[in-house]
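Tertiary structure, described
Here is what each chain is made of, one letter per residue.
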Amino acid sequence: RRLSRDPATSQPLAYLRLRRAIRNVVEHRDIEPGQALPSERDLSRLLQLSRVTVRKAISGLVEEGLLNQRHGAGTFVAERIIKPMSRLTSFTEDLRARGLNPRSEFSERVIGEVTPEESMALNLSPGVLVARLHRVRYAKEEPLAIERSVVPASILPDPTIVQDSLYQVLEALGARPRRALQRLRAVSLGAQQARLLHVPAGSAGLNIERRSFLDDGRVVEFTTSWYRGDIYDFVAELQTD
Ligand code: 16G
């Protein structure tokens, strides 16, 4: 944190301020998805910032998945939803950052006994109680994903308190996930899932399993999701050993 501040003024550095300003523009949809940002040169002239500062701010937002760069064509607000794989964020946070209003429709919010599969995933003994949430997740009227979350009832005793964001509720309970393991695989969506997601049966989807952990190593969620393949891009930065 200290490194990101100007030691003389203790103000956030210029590129971080610009990054926040552009993030605000995207969040408020002052520039719509698919539309271009002013060129690097125009931004630097307009804002009296160096090209290096502008470039640094933009490349940070490209990494976050909010902006796209097309070689020679410029920088655009991302149209598809680009999810960096190395960040442990929630659906609600991802959508809000894009100026989209997240909403959930629950078909299940109950307490029940853990199944054998869940007890393995959550590291729980047989017979223990878990909270189960089953919902379709929307941006405004558009369904984007189906999600089934299982959380130990010792952490979430009353699943009906989750109205929008599971992670916000967990945070309020002092159990915000800190680390997660995630597996993705390509699937073709069955008739029922396709109907819920408003896409033709057989459309491409991403089946994602996430197990999230607390600092003390307890598993806090086991979530299985079906994300629409026509909307989501999952990206990761790779490094050599
Ligand atoms: C994301 C997570 C899911 C988590 C949910 C919480 C993926 C593939 N899955 O959808 O595991 O439970 O966010 O979102 O990213 P919420 O706080 O908005 O309920």
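It should be emphasised that the depicted structure is a prediction, and the values quoted were computed from it without experimental measurement.

Rules used in this analysis
- Residues numbered from 1 in each chain as written.
- Predicted model: local features only at pLDDT ≥ 70, side-chain atom pairs only at ≥ 80, totals over all residues.
- Heavy atoms only, no water.
- 1 Å grid on protein atoms, 1.4 Å probe; cavity = no way out; pocket = protein on both sides within 12 Å on 5 of 7 lines; lining within 4 Å.
- Points joined across faces, edges and corners; volume = space filled by probe spheres on them.
- Helix = DSSP H or I, 4+ residues; strand = E, 2+ residues; numbered from the N terminus.
- Nonpolar A, V, L, I, M, F, W, Y, C, P; charged D, E, K, R; others polar.
- Core = buried A, V, L, I, M, F, W, Y, C linked by side-chain atoms within 4.5 Å.
- Buried < 20%, exposed > 50% of the residue type's maximum accessible area, 1.4 Å probe, protein only.
- Contact = heavy atoms within 4.5 Å.
- Axes fitted to C-alpha atoms, helices over the stretch in contact; angles between N-to-C directions.
- Parallel < 35°, antiparallel > 145°, perpendicular 65-115°, else oblique.
- Left-handed = near helix turned anticlockwise from the far one by under 90°.
- Pairing = 2+ DSSP bridges.
- Near = heavy atom within 4 Å.
- Polar contact = N/O pair within 3.5 Å; in protein donor to acceptor, adjacent residues only side chain to side chain.
- Areas by Shrake-Rupley, 256 points an atom, 1.4 Å probe, with all protein chains shown as cover.
- Domains from an automatic or database assignment.
- Buried area = accessible area lost by both parts, 1.4 Å probe.
- Salt bridge = Lys/Arg side-chain N within 4 Å of Asp/Glu carboxyl O.

Focus: empty space enclosed by the protein
For the structure shown, the criterion picks out one cavity of 30 Å³ or more. Roughly 220 Å³ of volume is contained in the largest cavity. Looking at the largest cavity, it is lined by 21 residues, and the ones nearest its centre are F91, E147, Y167, R210 and Y227. When residues of the lining of the largest cavity are traced back to their parent elements, those giving at least two are α4 (91–96), β5 (129–139), β6 (142–152), α6 (166–172), β8 (204–213) and β9 (219–228). For the lining of the largest cavity, the leading source of residues is β9, giving four residues. Its residues assigned to classes, the lining of the largest cavity comprises six nonpolar, eight polar and seven charged.

Examining the nonpolar core
Ranked by internal contacts, the top residues of the largest apolar core, which has 14 residues, are I22, V26, L37, I58, L67 and V77. With sequence-adjacent residues up to four places away left out, I22 is seen in contact with L37, I58, L61 and L67.

Brief notes about the packing of helix α2 (residues 40–47) against helix α3 (residues 51–64)
Close contact between α2 and α3 brings their axes to 9 Å; oriented N to C, the two are set at 120 degrees. As the angle between them shows, α2 and α3 are arranged oblique. For the element pair α2 and α3, the recorded crossing hand is right-handed. Where α2 approaches α3, its residues E40, R41, L43 and S44 are matched on the opposing element by R51, V54, R55 and I58. Residues that form the contact of α2 with α3 fall into these classes: three nonpolar, one polar and four charged.

Focus on the sheet that holds strand β4 (residues 102–113)
Ordered by their spatial adjacency, six strands build an open sheet running β4-β5-β6-β9-β8-β7, and the pairing between neighbours is antiparallel. One side of each edge strand has no neighbouring strand; the edge strands of this open sheet are β4 and β7 (179–188). Taken pair by pair, the neighbouring strands of this sheet meet at an average axis angle of 15 degrees, ignoring direction. With 10 bridges joining them, β7 and β8 adopt antiparallel strand pairing. Its bridge partner lying in β8, R183 is registered against E209.

Quick word on the site of the ligand
As a matter of local geometry, the ligand sits amid 18 residues, with T92, E147, S165, E221 and Y227 nearest to it. Between an oxygen atom of the ligand and a main-chain N or O atom of L166, the distance comes to 2.7 Å. Between the ligand and the protein, one listed contact pairs an oxygen atom with a backbone N or O atom of Y167 at 2.9 Å. For the ligand, whose free accessible area comes to 450 Å², the fraction covered by protein is 100%.

Quick look at the domain arrangement of the chain
Frequently, the measure chosen for interface size is the accessible area removed from exposure when the parts meet. Split by domain assignment, the chain resolves into domain 1 (2–77) and domain 2 (81–235). For domain 1 versus domain 2, the separation of C-alpha centres amounts to 31 Å. Contacts between the two partners involve eight residues from domain 1 and, on the opposite side, eight residues from domain 2. Buried surface at the junction of domain 1 and domain 2, summed over both partners, amounts to about 730 Å²; 49% is from carbon and sulfur atoms. For the pair domain 1 and domain 2, the interface holds zero salt bridges. Counting across the interface, domain 1 meets domain 2 through one residue pair in polar contact (both at pLDDT 80 or more).

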